[in-house]
Amino acid sequence: MAQIGNAIKVRGFPRFLRDPVKLTALLYLREALLSERYEDCAGYITVAKEFGAQVFEIRNLLEDARRVPRG
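What counts and what doesn't
For every chain, the first residue of the written sequence is number 1, and numbering continues from 1 along that sequence. Residue-level local features of this predicted model are given only where pLDDT is at least 70; pairs of side-chain atoms are given and counted only at 80 or more, and the full residue set underlies all totals for whole chains, interfaces and linings. Hydrogen atoms and water are omitted, and side-chain values are computed over all heavy atoms in the structure. Axes here mean lines fitted to C-alpha atoms, for a helix over just the part in contact, with angles spanning 0 to 180 degrees between N-to-C directions. Only DSSP runs of H or I with at least four residues qualify as helices, and only runs of E with at least two residues qualify as strands; both kinds are numbered from the N terminus onward. In what follows, roughly perpendicular refers to angles from 65 to 115 degrees, roughly parallel to angles under 35, roughly antiparallel to angles over 145, and oblique to any angle outside these ranges. Left-handed is the label given to a crossing in which the near helix is rotated counterclockwise from the far helix by less than a right angle, and right-handed is the label when the rotation is clockwise. The contact rule is simple, with two residues in contact once any of their heavy atoms fall within 4.5 Å. In the scheme used here, Gly and all other residues not listed as nonpolar or charged are polar, with Ala, Val, Leu, Ile, Met, Phe, Trp, Tyr, Cys and Pro taken as nonpolar and Asp, Glu, Lys and Arg as charged. The buried label applies to any residue whose accessible area, calculated with a 1.4 Å probe on protein chains only, is under 20% of its type's maximum; exposed applies above 50%, and partly exposed to all values in between. Patch definition: residues with relative accessible area over 30% and no salt bridge; like charges joined within 9 Å; nonpolar side chains (Val, Leu, Ile, Met, Phe, Trp, Tyr) joined within 5 Å. Per-residue accessibility takes into account occlusion by the displayed protein chains alone, with areas from the Shrake-Rupley method and a 1.4 Å probe. A side-chain nitrogen of Lys or Arg and a carboxyl oxygen of Asp or Glu constitute a salt bridge if their distance falls within 4 Å. Confidence scores labelled pLDDT are given residue by residue by the predictor and lie between 0 and 100.

1. Some words on the packing of helix α1 (residues 20–34) against helix α2 (residues 41–50)
- One way to put it is that α1 packs onto α2 with a least axis distance of 8 Å and a crossing angle of 160°. What the angle tells us is that α1 and α2 run roughly antiparallel. Crossing of α1 against α2: the hand is left-handed. Each of V21, K22, A25, L26, Y28, L29, A32 and L33 in α1 lies in contact with α2, whose residues at this interface are C41, Y44, I45, V47 and A48.
- Of the residues contributing to the contact of α1 with α2, the split by class is 12 nonpolar, no polar and 1 charged.

Have a look at this one:
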């Protein structure tokens, strides 16, 4: 297996590494937005950023919480 940046190449197909903490924080942010618990959102955004979430990933959820993060 060859590692390329943030992806691992397996049998000719790149598989991107995923950070489970970042993905979990983004999913919790999504659930908080859908259930209108806005006071919890700042904490989830902070954790997601600490573990590598990009601005566009957070912005996509804030624009439309029905989107599913791919972390």
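2. Description of the environment of T24
- The residue T24 is located in helix α1 in this model.
- When its relative accessible area of 35% is taken as the criterion, T24 is described as partly exposed.
- C-alpha of T24 to C-alpha of P69: the two residues are 45 residues apart in sequence and 9.4 Å apart in space.

3. With respect to a nonpolar patch on the surface
- Taken together, the side chains of V21, V47 and F51 define a hydrophobic patch exposed on the protein surface, amounting to about 210 Å² of accessible area.
- Its relative accessible area of 35% is what places V21 among the partly exposed residues.

4. So, the confidence of the model for the protein
- Chain-level pLDDT for the protein is 82 on average; 75% of the residues reach the 70-or-more range.
- Mean pLDDT across the elements of the protein ranges from a minimum in strand β1 (residues 2–4), with 46, to a maximum in α2, with 96.

5. As for the pattern of salt bridges
- Taken as a whole and assessed by the stated rule, the structure comprises 5 salt bridges.
- Here D40 ties to R37 by a salt bridge, and the two come within 2.9 Å at their closest N and O atoms.
- Residue classification places D40 among the partly exposed positions, given a relative accessible area of 28%.
- The class of R37 is partly exposed, set by a relative accessible area of 32%.
- Its salt-bridge partner being R67, residue E63 comes within 3.4 Å of it at the nearest N-O pair.
- Take E63: its relative accessible area is 54%, and that puts it in the exposed class.
- Under the relative-accessibility criterion, R67 is labelled partly exposed at 35%.

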